[in-house]
Amino acid sequence: MLGRRTVDTGSCFVVESYDVVIVGAGFAGLVAARELSRRGRSTVVLEARDRIGGRTWTDERLGRRLEMGGTWVHWAQPHTWSEITRYGLAVEPSPTSESVHWIAGGEVHRGSSEEFDALIAPGMDRLAADSRHWFPQPYEPLRRPDLDRIDALSVADYFAGLDLAPAAREVITGVWAEHFNAPAAVSGLSQAMRWCAAASGDWRLLHEATSGCRLSAGTAALASAIATDTAADLRLGTRVVGVAQQDGGAVVTTADGNRITAKRVICTLPLNVLDTIDFQPALPAAKRSAATERTASQGLKTWIRVRGEIPPFTAYAPDTHPLTFARTEYTVDGDTVLVAFGTRAADLDPTDKAGVAQALRAWRDDLKVVDVAGHNWMTDEFSRETWPMQRPGQLTAYLAALQRPHGCVHFAGSDVANGWAGFIDGAIESGLTAAAQVTAAPRP
Ligand SMILES: Cc1cc2nc3c(=O)[nH]c(=O)nc-3n(C[C@H](O)[C@H](O)[C@H](O)COP(=O)(O)OP(=O)(O)OC[C@H]3O[C@@H](n4cnc5c(N)ncnc54)[C@H](O)[C@@H]3O)c2cc1C
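Only a predicted model underlies this, so the values are computations on that prediction, with no experimental measurement involved.

Engineer: Before we go on, may I ask you to explain the overall build of the chain in this structure?
Structural biologist: In terms of regular secondary structure, the chain is built from 13 helices and 20 strands. Taking 444 residues into account, the globule formula puts the C-alpha radius of gyration at 22 Å, and the chain, at 22 Å, falls close to it. Oriented by its inertia axes, the alpha-carbon framework of the chain measures out at about 70 × 55 × 35 Å. A total of 444 residues make up the chain; the buried ones form 57% of that total. Expressed as a percentage of contacts within the chain between residues at least 6 apart in sequence, the contacts between residues at least 24 apart total 72%. Working note: accessible area of the chain is about 16900 Å², and carbon and sulfur atoms make up 50% of it.

Below, the structure is given as C-alpha cells:
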C-alpha cells in the first residue's frame, strides 16, 4: 500500500502510519475507503466486529438468507441506487399484501391496502405537504432559519394537533412509531418530515422506498462489492479505543494496544457508541451531549417463521403494543416467514419465541410460530441503536455540530447524513462527503 509505513518500536506494539484511518466498516466507512484509496491515499479501515456491513448483516436463519439489519433499497435513494448500478446487483420486490390488519380502539380491523391508505391519508397528506414547506431542499436539512418552530415537536404532538378521527390518529401514530423504531412521543417531527421530503413529499413513495424492494443477494453482496473494490487495508476484529491528535495528525489506538498514525481520521461510529472512544482533545460539548442524549430508535426487528403458506398480509399496531408492524416476506419449505418490528427492545427480545408469538397474537391468533430470529442491536456494544432517528430538538441542536470535523477527525455515518438519514443511502452519502472533505483538506 502506497504511503504506508510500519515502524518496529522494539516493543510488542507496532506503530504504523497511513494517510487516513477509517473507524468502522459499515457502508459509510467502506465507501469512504474506496474513494480515498482511489485518490491515492494510503487508507486502513479498522472494524471492531469480525465482519463488514455494520448495521446491515445478511445471515442464514430460519432456513434461508435473512437480513438482521438494513434490508430495503429503492431507486428514489440516489446513493444506494448508484452503488447497485455500479456493481450490477439484482433487486427483487417484497410481496404485495392482500390484506391489512390494524388495531384501533382496542379492536383488530381488517381491510384492503386501499382502505388502510384511505384511513391514514388525511394525516399523511398533511405531513407530506408540511415536509415540502420545512424541507424544500431535502439535502440541506438546516436550510430554513425558523426550523426550531417544528423541531421541538414529536410525531405524537403533531398528530394530536391535527383534526383527525380518533382511529386515524391512533393508527397513523403507530405507523410513524414503526418508521422510527421508537415510541411516537420521543420521535422527532422534523425527522419524519425529512423522510417525506426526501421522497419528494409523496408518502406513498416513502412507504414503497422504505419497504418495497430488497437486494436479491442480500446487503452483504453490496458491502462485499465495495470492500473488494478498494486498495485500502481492512482489519476486522480491531476495536479502536483512542484517537489522540498531535503534530497536525492523529494517533489511533486499538484495544490490543497497537497504534496507527494518520494525517486524517474518519470516524463512522453510530452516535450511541461515540462515547466509547477516548478522543484527545475531547470532542466539543455538542457532540458529547448528542451521544449522551442518544437517538430515538430503541426498538427491534424480528423474523418469525409460521406454519404453512399463508396469504400475504401487513399488520400495524399502536406503539403501546410490543410489535407495531408485521408482514409476510418469504415462503420456506411450506412455511411463511414474516418480518416484524417493535418500538422497545428492552421489553421484547427479538429472539424470544414465546414473547414474539404472544405479541403476534394481538393481530392473529390463528398463526403457529415455529421459530424466530433476530439481533438485539440495542445491546450490541458496537451499535446500541437500530437505524438512527432523531428525538425532538436534536436536528437543530446537533446535526451541524455532529457533521463538523474536529481538527483532523472527520465524521460520517447514517446518523449524520443530510438526505436519507437513517438509511443505507445516508451512510453512503456521508462516506462520500467525508472522503471529499479529506481530499480537499490541506496536507500537513
Ligand atoms: C434492524 C435494522 C433495520 C434497518 N432497515 C433498513 C432498511 O430497510 N433500509 C435501509 O436503507 N436502512 C435500514 N437500516 C439502517 C441502515 O442499516 C444503517 O443506517 C446503515 O447501515 C448504517 O451504516 P453506517 O456505516 O452509518 O453505520 P454502521 O453500519 O453502524 O457502521 C459503523 C461500524 O463501526 C463499527 N464500530 C463500532 N465501534 C467501533 C470501534 N470502537 N472500533 C472499530 N469499529 C467500531 C461497527 O461495528 C460498524 O461496523 C436498518 C438498520 C437496522 C439496525
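Engineer: Please clarify how the UniProt feature "binding site: FAD" (unreviewed entry) in the chain should be interpreted in this entry.
Structural biologist: Summarizing the sequence annotation, UniProt attributes the feature "binding site: FAD" (unreviewed entry) to Glu 47, Ala 48 and Val 240 in the numbering used throughout. Over a stretch of 194 residues, the named residues converge on one spot in the fold, their C-alpha atoms separated by at most 7.9 Å. By the secondary structure assignment, Ala 48 is in the loop between β3 (43-46) and β4 (58-61). Those residues in contact with Ala 48 that sit more than four places away from it in its chain are Gly 237, Thr 238, Arg 239 and Phe 382. Tracing the backbone shows Val 240 in strand β11 (residues 240-246). Dropping the residues within four chain positions of it, Val 240 is found in contact with Val 23, Leu 46, Val 252, Thr 253, Thr 254 and Ile 277.

Engineer: In this structure, what is going on with the pairing of β3? I would like to understand it.
Structural biologist: Every other side chain in a regular strand lies on the same face of the sheet, so the side chains alternate between the two faces. Of the two faces of β3, both are covered, the one formed by Thr 43 and Val 45 as well as the one formed by Val 44 and Leu 46. Sheet analysis places β3 next to strand β10 (residues 233-235), joined by three bridges and oriented parallel. Looking at the pairing, Val 45 lines up with Leu 234 of β10.

Engineer: Even after reading the chapter, I still don't get the domain arrangement of the chain, so can you show me in this structure?
Structural biologist: It is common to report an interface's size as the accessible area lost on association of the parts. Structurally, the chain comprises domain 1 (5-55 + 219-294 + 387-440) and domain 2 (121-213). A separation of 30 Å is found between the C-alpha centroids of domain 1 and domain 2. Listed by partner, the interface residues are 21 residues for domain 1 and 28 residues for domain 2. In total, domain 1 and domain 2 occlude about 1900 Å² of area from one another, counting both sides; carbon and sulfur atoms represent 63% of this. Between domain 1 and domain 2 we count zero salt bridges in total. Those elements that provide at least two residues to the side of domain 1 that touches domain 2 are α12 (394-403) and α13 (424-440). Examining the composition of the side of domain 1 that touches domain 2, we find that six residues originate from one element, α12, more than from any other. When the residues that make up the side of domain 1 that touches domain 2 are grouped by side-chain class, the tally is 12 nonpolar, six polar and three charged.

Engineer: Is there a simple way to think about the environment of Ser 216 in this case?
Structural biologist: By secondary structure assignment, the location of Ser 216 is in the loop between β9 (213-215) and α9 (219-227). Every residue in contact with Ser 216, bar those within four places of it in the chain, is listed here: Arg 65, Ala 90, Val 91 and Glu 92.

Engineer: How should I be thinking about the UniProt feature "binding site: substrate" (unreviewed entry) in the chain in this particular structure?
Structural biologist: The positions UniProt marks with the feature "binding site: substrate" (unreviewed entry) are Phe 341. Inspection of the secondary structure puts Phe 341 in strand β18 (residues 335-342). Given the relative accessible area of 5%, Phe 341 is considered buried. Apart from residues no more than four positions distant in its own chain, Phe 341 is found in contact with Trp 72, Glu 178, Asn 181, Leu 300, Lys 301, Pro 322, Leu 323, Thr 324, Phe 325 and Trp 387.

Engineer: Got a minute to help me understand unusual backbone geometry in this structure?
Structural biologist: Excluding glycine, residues mostly carry a negative phi; peptide bonds, for their part, are mostly trans. For the bond from Gln 280 to Pro 281, the omega torsion is -5°, close enough to zero to count as cis. At Leu 62, a residue that is not glycine, the phi angle is positive and equals roughly 50°. You can see Leu 62 is positioned in the loop between β4 and β5 (64-67). Judged by its relative accessible area of 11%, Leu 62 falls in the buried class. Although it is not a glycine, Asp 333 sits at a positive phi angle of roughly 45°. Positionally, Asp 333 belongs in the loop between β17 (325-332) and β18.

Engineer: What am I meant to see in the packing of aromatic side chains here?
Structural biologist: What describes a pair of aromatic rings is the distance from one ring centre to the other and the angle between the planes of the rings. The tally for this structure, following the rule as stated, stands at 14 aromatic pairs. Plain terms: the ring middles of Phe 116 and Tyr 316 are 4.7 Å apart, the flat faces sit at 5° to each other, and that makes the pair stacked. Of this pair, Phe 116 sits in helix α3 (residues 113-134) while Tyr 316 sits in strand β16 (residues 313-316), placing them 200 residues apart in sequence. Judged on exposure class, the residue Phe 116 and its partner Tyr 316 are both buried. With 5.1 Å between their ring centres and 75° between their planes, Tyr 158 and Phe 159 make a pair best called edge-to-face. Summarising the burial analysis for this pair, Tyr 158 and Phe 159 share the class buried. Among the aromatic residues, those joined into a cluster by ring pairs are Trp 72, Trp 102, Phe 116, Tyr 316, Phe 325, Phe 341 and Trp 387. For the cation-ring pair, Arg 61 lies above Trp 57, with the distance from its terminal atom to the ring centre recorded as 5.4 Å.

The rules behind the values
- Residues numbered from 1 in each chain as written.
- Predicted model: local features only at pLDDT ≥ 70, side-chain atom pairs only at ≥ 80, totals over all residues.
- Heavy atoms only, no water.
- Helix = DSSP H or I, 4+ residues; strand = E, 2+ residues; numbered from the N terminus.
- Rg over C-alpha atoms; globule rule 2.2 N^0.38 Å.
- Buried < 20%, exposed > 50% of the residue type's maximum accessible area, 1.4 Å probe, protein only.
- Contact = heavy atoms within 4.5 Å.
- Areas by Shrake-Rupley, 256 points an atom, 1.4 Å probe, with all protein chains shown as cover.
- UniProt positions renumbered as here; feature names shortened; annotations may be inferred.
- Pairing = 2+ DSSP bridges.
- Domains from an automatic or database assignment.
- Buried area = accessible area lost by both parts, 1.4 Å probe.
- Salt bridge = Lys/Arg side-chain N within 4 Å of Asp/Glu carboxyl O.
- Nonpolar A, V, L, I, M, F, W, Y, C, P; charged D, E, K, R; others polar.
- Phe/Tyr/Trp six-rings, centres within 6.5 Å; stacked < 30°, edge-to-face > 60°.
- Lys NZ or Arg CZ within 6 Å of the ring centre and 35° of its normal.

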